[in-house]
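Read off the chains here:
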Amino acid sequence: MTVGLFRAITQPLPHPVLLCGADGRVLAANPAAIRCDDRLCPDTSLFDLQADDTPRLRQQLTVWLRTGSPVPGVLVLKDADGRTRRFRCHGARATWWDGPQPALQLHLVEAGASDRFVALSQQVEALNREVAFRRATEADRARLLAAEQAARGQLQHLYDLTAALAAAITLAEVSRVVTEVAPAALGATAAELYLHSARLVPPLQPEDNGLPAGAGGWTDLDRPSRADGSLPQEASDAVPLALSLDADGVQLGMLIVHGSHTSTASAHVTAVAQQIAQALRRAGLHEHEHRVAERLQLSLLPQLPHLPGLETATRYAPSSDLLSVGGDWYDVYDVDADHIGLSIGDVAGHGLHEATVMAQTTAALRNIVPRCGTDPAAVLDELNTFLGRYHPERMATACYLVFNRPTRTLTYATAGHPPPLLIHADGTSVYLNHATSPPLGPVRGVRYRQAGTTVAENDTLLLYTDGLIERRREDLAIGMERLTEFARTTSGLDITELCDRFLHHQPEAAFPDDRALLAVRFPPPP
């Protein structure tokens, strides 16, 4: 078929018929089309006549070109006055056309406002617009929900970090929080600390080691393991984020963040680094004060005399969570050629006043023992009188023992103090608990009881304060039972190692009170 034949066939038809190219240009039109709108003539583009909806018209042309059977559609044109004219039409590809580009045939029928086809088309368009709007709304809602959940998760991670840092007291605890909790709050895979130990914990003396004992988990920049002291570069993390840790005008070190989403520090990341710096500063001050208290406590404890043939070992450790000095003491006395006196005790409370009372009590004991040191009950009676006279509001627990070399008897008396533990060479043990009396201080006129036992060669006497066996929310009997069980593992140890093992027999425990130990190994018979 040719264009001429197309015109001849469509000339008598009462409704407009158009032959259009794929680009919307009119190739031919019958007389009815020209009568409907004289602009529907060859070489006119439908895009110039349509009502400002180019994408929709292009889509409609594409649909019609894809099929050889008539497909319904709507064509909206503007007349010369700018008014909209709506045509319902059927379009299909002109399969007979052999021109350079595809062509389609359009049969147009002008639709009135009440035309059901037009109304249906309008409803479909409105429905499509509503569906598109709902989809866009759902997509926006999903994006907002995802953003809210991400923000909520970040706030939760930040809260977890803040709570963990607030609960961390020591440098080791802060380091653990940075390693385990901080990466999630930073949006990173790992975090490392590189710190100046001397700035965190100023040494008490020039020869002191600035590295806090047991701090662990971080690299000391004042004592670098590398020759140049440089920070490491991971092969899988070529550009880690380095943040300065500053607190109170002191540069404490660096926080190295691996696997961060950004190479620059955002306000959030900077705030996290500041929190960590403040926690490190608090932990360093705690460590420093803890060392000062420990050094003061050790300076108040008496120097033990060296007695030939008698092996002794002492240990002292401050509590896990107190910075004040305490009232624990231990002492050994050379009573006479045949007798050796031993004492251990604890003034109730923590603070300088309690430490002062402890120092005065040990001084008083060194004056009492030469007069009645072979009589434990008399020693405690005089010590009770001393406390009641000079420190009437103070209370102390104590245990005094005297060892008779010729008879190898050990006589003892206790005043509210945990009983001594006598450990035999095979690891079995027994508590010396047959001479208990009230604590020193609050009760006057107490008649102190005393008892005795015989010791064998290589028996070891362990004197200790209640901090060694006391645990929060645990009965003291459980701690005493734990001590006898542990004694079974100490057979064959020398006196120093035995004392160390008892001091640290629960390395992971939190000790609410100070621990003072005096271990004595008795010599063989003369």
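As a convention, each chain's residues are numbered from 1 in the sequence order in which they are written. The model is predicted, so local features are restricted to residues of pLDDT at least 70 and side-chain atom pairs to those at 80 or more, both for listing and for counting; the totals for chains, interfaces and linings are taken over all residues. Side-chain measures were taken over the full set of non-hydrogen atoms in the model, leaving aside hydrogen atoms and water.

- In the annotation of an unreviewed UniProt entry, the entry for the chain reads SpoIIE family protein phosphatase, and the organism field reads Streptomyces bottropensis.

## Regarding the overall build of the chain
- Working definition: helices are DSSP H or I runs of at least four residues, strands are E runs of at least two. Numbering for both runs from the N terminus. Each helix and strand in the chain was counted, giving 13 helices and 20 strands.
- Only protein chains enter the accessibility calculation, which uses a 1.4 Å probe; a residue is then buried when its area is under 20% of its type maximum, exposed when over 50%, and partly exposed in between. Looking at the chain as a whole, 44% of its 526 residues are labelled buried.
- The contacts in the chain between residues at least 6 apart in sequence include a share of 63% that link residues at least 24 apart.
- Calculation of accessible area relied on Shrake-Rupley with a 1.4 Å probe; when residues are assessed, cover is drawn exclusively from the protein chains displayed. Carbon and sulfur atoms make up 53% of the accessible area of the chain, which amounts to about 26200 Å² in all. The contact criterion used throughout is that any non-hydrogen atoms of two residues lie within 4.5 Å.

## Side note on the packing of helix α10 (residues 352–372) against helix α11 (residues 376–390)
- Close contact between α10 and α11 brings their axes to 10 Å; oriented N to C, the two are set at 140 degrees. Compared by their axis directions, α10 and α11 come out oblique. Read as a crossing pair, α10 and α11 show a hand that is right-handed. Counting all contacts with α10, which are made through V357, Q360, T361, A364, L365, I368, R371 and C372, the residues of α11 involved are A378, V379, E382, L383, F386 and L387.
- Taken together, the residues that form the contact of α10 with α11 break down as ten nonpolar, two polar and two charged. The convention used is that axes are lines fitted to C-alpha atoms, helices contributing only their stretch in contact, and that angles between N-to-C directions extend from 0 to 180 degrees. Should an angle lie under 35 degrees it is considered roughly parallel, over 145 roughly antiparallel, and from 65 to 115 roughly perpendicular; all remaining angles are considered oblique. Crossings are assigned a handedness: left-handed for a near helix turned anticlockwise from the far helix by less than a right angle, right-handed for a clockwise turn. Basically, the charged four are Asp, Glu, Lys and Arg, the nonpolar ten are Ala, Val, Leu, Ile, Met, Phe, Trp, Tyr, Cys and Pro, and anything else, Gly included, counts as polar.

## Side note on the environment of R282
- Within the fold, R282 resides in helix α9 (residues 267–300).
- Expressed as a C-alpha distance, the spacing of R282 and A166, which sit 116 residues apart in the sequence, is 9.7 Å.
- Not counting chain neighbours up to four residues away, the residues in contact with R282 comprise L165 and A166.
- Under this definition, polar contacts are N or O atom pairs within 3.5 Å; protein pairs additionally need one hydrogen-donor-capable and one acceptor-capable atom, and for neighbouring residues in sequence, both atoms have to be side-chain atoms. One polar contact links the side chain of R282 to the main-chain carbonyl oxygen of L165, over a distance of 3.4 Å.

## Details of the sheet that holds strand β10 (residues 311–317)
- Any two strands between which DSSP finds at least two bridges are classified as paired. In space, the five strands of this open sheet follow the order β10-β20-β19-β15-β16, with antiparallel pairing throughout. Only two strands of the sheet have a single partner each, and these edge strands are β10 and β16 (429–431). Averaged over neighbouring strand pairs, the angle between their axes works out to 15 degrees when direction is ignored.
- In this structure, strand β19 (residues 460–464) lies alongside strand β20 (residues 515–521), joined through five bridges in antiparallel fashion. Across the sheet, the residue bridging to L463 is L518, located in β20.
- Against the sheet, helix α12 (residues 476–487) touches β15 (421–423), β16 and β19, its axis set at about 155 degrees to β16.

## A short note on the nonpolar core
- Core analysis: the biggest nonpolar cluster contains 51 residues, and L342, Y400, L401, L410, L461 and F522 have the highest contact counts within it.
- Ignoring any residue separated from it by four or fewer positions in sequence, one finds L401 in contact with I340, G341, L342, L410, T411, Y412, P420, L432, L461 and L463.
- By size, the runner-up hydrophobic cluster in this structure holds 32 residues, among which are V174, L193, V201 and A283. Nonpolar cores are built from buried Ala, Val, Leu, Ile, Met, Phe, Trp, Tyr and Cys residues. Side-chain atoms within 4.5 Å join them into one set.

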